[in-house]
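So the chains spell out like this:
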Amino acid sequence: MANKKIDLLQGTLDLLVLKTLQPGPTHGWDIGQRIQQVSRDVLIVNQGSLYPSLHRLEQKGWIESEWSASENNRRAKFYKLTPAGRKELSAQTKSWERFTGAISLILNQA
Amino acid sequence: MFRKTVQRIRALVHKSALDRELNEELLFHLDRETEQNIRRGFSDEEARRLALLSFGGAEKIKEECRDVRGTHTIEETWHDFRYAIRILVKRPVFTAIAVVMLALGIGANVAIFSIIQTVLIRPLPYRNDEHLVWLSNRNATLGVTNAFLNIADILDYRQQSKSFENIAAWETLPVNLYGARKPERVEGVSITSNFFRTLGVQPVVGRDFAENDEPEGSVLISFNLWQRQFGGDVGAIGQKLNLGLGASNPGDYYSIVGVLPADSDFPQQADIFMTWPITPIDFTRGGSHNSRTIARLKPGVTIEQAQSEISGLASQQAEQYPDTNRGWDVSVMSFREYLFGTSRTALPLLFAAVVFVLLIACANVANLQLVRAVSRRKEIAIRLALGAGRLRIIRQLLIESLLTAFAGGFFGVILAMGCLYAVRMLGPTAVPRLKSATLNLPALGFAVGLAVMSGIIFGLVPALHASRAEINTTLKDSPSLGTTPVFANRFRRALVVGQISLALILLTGAGLVIKSYWRLQSVDPGLKPDHVLTAGISLSFAEYPNGSPQRAILFHNAVERLKALPGVTSVGAISHLPFGGRTMKLPFIIKGQDRISEKNEAVADYRVVTPSFFETVGTNTKRGRTFNSGDRVGTPQVFVINEAFAQTFLNGQDPIGVRLDGESKSARGEIVGVVENMRHKDLETDTTPAFYVSYEQSATFPIMNFVIRTKSDPSSLSVAVERELQSLDPHGIIFNVRPFEDVISDTVAPRRFTLQVLAIFAALAVILAATGIYGTMSYAVAERTREIGIRVALGARGTDIQKLVVSEGTKLIVLGLIIGLCGSFVLTRWIRSLLFSVSATDPITFLIIGIVLVSIALIACWIPARRATKIEPLVALKYE
């Protein structure tokens, strides 16, 4: 692969998962696919981190799960954002933007 | 937080369901991945393989998800718990040693704590006992403290003082009880009618004495007597009793008006409470100081306030009645302090001692754990390598030590129950409430607390240390390099030093107390109690009224009949048996001596004896003569005095021929002899001045204590003696028939109790400390086996090796010794009140104890050193 893959920073996966769930509920595999697609294959989500992350977020009450039929009519576990999750998403997004902003300020220093 | 807990519990309950869901979820993922790969053009098989490959370890994912769910902690703990039990059971010796050490420490602690709680902390059975105070007289010029009060003074204080709600007085008056199940001599007390109102005790059956106008014949009885003599029958109320007091009014009967509650035991072991009618004669001043007095402070009044008020009143009295009251002051002491006296020092001391024992035990167990932890480093390293978290390891080790601690606590409680049983059976009666010591809930809580605390103390440090093990170095651990980390060694040495110093402090304390006891035992009581049996008789008043010449005849006959018993060499009798707990004082004046003021008479102990008494108990005559059969009614009244009398009142004047005078006819006569001082109260208290009178020349006492010197074991005669005395007065009451030595030993019982317990603790401490030193040195030797082997191979001799090991131990011992000696020097001052003619820093005790401890420690050190010399170099070099 030409594109270099980047290891996710600790804690950023949770933010990406929350963001991916913002448009609507979906299942674990789909979340991984979407992150990969949207990041144009730069970010590859490892299943070994994805599922613990999903369970962690659920444990924290930011997302909730439900079994329903998937696009190919199989039973799949769908996750969706809870109101608390939405709040968390916007809070984390803001703090991420501040963080990257600060980083680029330093890196772009002439 | 709550939500989380609920989720966790649900997770645990539905564990299998959740696991199934997790499986299904991951399977779904895998299928989608495979499908995608197929779409990309891979074969079915290849697609599946790639999917699995990218998936990684499914079990690991599952594990992490479970971790997130939080069921893990509970599950793991359970797992650790089972693992810990397996480990402990697999090493039975280690576990047993640790448990036994802890059980000893905890058991002793719980027992002592229970005793302290029962005796000192548990509230007294009296309402608001913090308001109760004990009043006593003191007179600085006469050097008198803690004397009883004079009833006339008490009546003044009752009227004038504003600090007290109530002031009550009592006098002890043993009586013969007839009219119940079995005639018995019981402790009687005459009380002012407000006595139990002052204490705050209400009868459980019947009523208390009326405030005023209680008929003279009313009595209250103790719960114990009610059970013993009346079987707890309510019908006892109103029952008539003959108390054998009625010489002046024979046939006088007393009637029971109330029964006191079971827990009320004041004055100690009193069974019958009579009214103390205050008669006009009581208002005359200068009478005897024989009223024991308690008072209840008004709410909000402090002891200090009461003290300053009553001292003011006392000095007013001294001005008003200089003849009788000059120099007398009243001191106010809290009732608890009065009641517990030296127990207040002794019990906390024992508690401190026992805490030391526990600390030493804990140090030993910590040491064991540390050694274990070091030898388990490989096991731990493997677990770390397999991905166990450090916290997990620490937790597991902690669970292990907590389990050990709880097992120790469990056996400790059993041990404590045994100890308390022994204390109830064997403990001294003189310590109030000691006999009711039982394992109580606070003590149990204390035990559990101790078990947990020692679990943490001896578990955490080794656990922290063990988990720090570096995986690589440990797994590579080669015997030559793999010496124990410096930290562990230092810690273990610190433990040994600590143990030695604690043991030394304990041993010094015990040594001082033991030496005091020896000193006490070697006090010359002024009599020879061996081979002497005592037996008291209290005559029936009906047949032997006051003033009856029959009494003297009976006593004379008794002496003759007892002397005729086989095996008896001599017989005497005295009104107040030395060490028997009773005394009587009589005021007198020495004729021709004006130095003691006119009215303020001198007071001395007054005792009635038979002529043969001094010879029978082995008291030497110092000057003049003792009594003989010529001293009787009709011949001049003569006295024999003791040396203390001569010293106190005669200032070097020749006592023989000195005449005594006094208001009482009993005090008028001539001194004809001086006898050796006999201790009377106990061995610690100096002999007070006393004068003796022959039974044939005194208004004879209704009570006499016979002393019977025997050829063989005195107790073998007790049945015969009791039978003889009873046959002389069938209605008299015979009491206290036992060897004289037992009577004396009772007076040192509380001291002996402290001593025995302390000695046991000290011995325990020394054994534990020695085990600690031994263990540490053995381990050090085992660890240096290779090094020693090399030294031996290079030609070191056995003595060199021994020196090597012992010198290492000696450093620790000397350090422990220094710290311990300094500690003892500082701490033993707290036990000063328990010592008897021994200084708290007695150099000989310190020296001996130091030598003893150092010797034991050196032996503990030398055994492993000797073993080290036997190491075969070849074996040592191959040692793994």
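Preceding this section is the structure that the text describes.
Here the structure is a predicted model, which is why all the values come from computation and not from measurement. (Residues numbered from 1 in each chain as written. Chains lettered and ligands numbered in written order. Predicted model: local features only at pLDDT ≥ 70, side-chain atom pairs only at ≥ 80, totals over all residues.)

> Could you give an account of the packing of helix H6 (residues 92–121) of chain B against helix H15 (residues 390–426) of chain B, with specific residues and numbers?
Relative orientation and spacing of two packed helices are given, respectively, by the angle between their axes and the distance between those axes. Residues and elements named next belong to chain B. The contact between H6 and H15 brings their axes to 6 Å, and the two run at 45°. Considering their axes alone, H6 and H15 lie oblique with respect to each other. Where H6 crosses over H15, the handedness of that crossing is right-handed. For the contact of H6 with H15, the residue count by class is 17 nonpolar, seven polar and no charged. (Axes fitted to C-alpha atoms, helices over the stretch in contact; angles between N-to-C directions. Helix = DSSP H or I, 4+ residues; strand = E, 2+ residues; numbered from the N terminus. Parallel < 35°, antiparallel > 145°, perpendicular 65-115°, else oblique. Left-handed = near helix turned anticlockwise from the far one by under 90°. Nonpolar A, V, L, I, M, F, W, Y, C, P; charged D, E, K, R; others polar.)

> Go over helix H7 (residues 151–160) of chain B, please, and point to the residues and values.
Among the residues of H7 of chain B, those classed as buried are Ile151, Ala152, Asp153, Ile154, Asp156 and Tyr157 of chain B. Contacts made by the buried residues of H7 of chain B are with strand S3 (164–172), strand S12 (292–297) and helix H10 (303–320) of chain B. (Buried ≥ 20, exposed ≤ 12 C-beta atoms within 10 Å, placed from the backbone. Contact = placed C-beta atoms within 7 Å.)

> Quick rundown of the interface of chain B and chain A? Include the residues and the values.
The partner chain A presents 14 residues to the 17 residues of chain B that form the contact. At the level of secondary structure, the elements contributing two or more residues to the side of chain B that touches chain A comprise helix H1 (2–13), helix H2 (15–39) and helix H4 (58–69) of chain B. Considered class by class, the residues forming the side of chain B that touches chain A number six nonpolar, four polar and seven charged.

> Tell me about the environment of Thr429 of chain B, residues and numbers included.
Residue and element names in this part refer to chain B. One can find Thr429 in the loop between H15 and helix H16 (441–467). Judged by local crowding, Thr429 falls into the exposed class, with 12 C-beta atoms found within 10 Å. As a C-alpha pair, Thr429 and Ala749 span 320 residues in sequence and 8.2 Å in three-dimensional space.

> Could you give me a rundown of the sheet that holds strand S2 (residues 63–69) of chain A, with the residues and numbers involved?
All names here are of chain A. Read from one edge to the other, the open sheet built from three strands follows the order S1-S3-S2, with strand pairing classed as antiparallel. The outermost strands of the open sheet, each flanked by one partner alone, are strand S1 (26–27) and S2. In the packing of helix H1 (residues 12–21) onto the sheet, contacts are made with S1, S2 and strand S3 (75–81), and the angle to S3 comes to roughly 100°. (Pairing = 2+ DSSP bridges.)

> Break down unusual backbone geometry for me, citing the residues and quoting the values.
All names here are of chain B. At the junction of Phe266 and Pro267, the peptide bond is cis and its omega measures out at -10° in the coordinates. One can find Pro267 in the loop between strand S10 (254–259) and strand S11 (272–275). Residues other than glycine seldom take positive phi values, yet His531 does so here, at roughly 60°. Positionally, His531 belongs in the loop between helix H18 (486–521) and strand S14 (532–538). One non-glycine residue with positive phi stands out, namely Asn736, at about 55°. With respect to the helices and strands, Asn736 occurs in strand S24 (residues 733–739). Exposure remark for Asn736: the 16 C-beta atoms within 10 Å place this residue in the partly exposed category.

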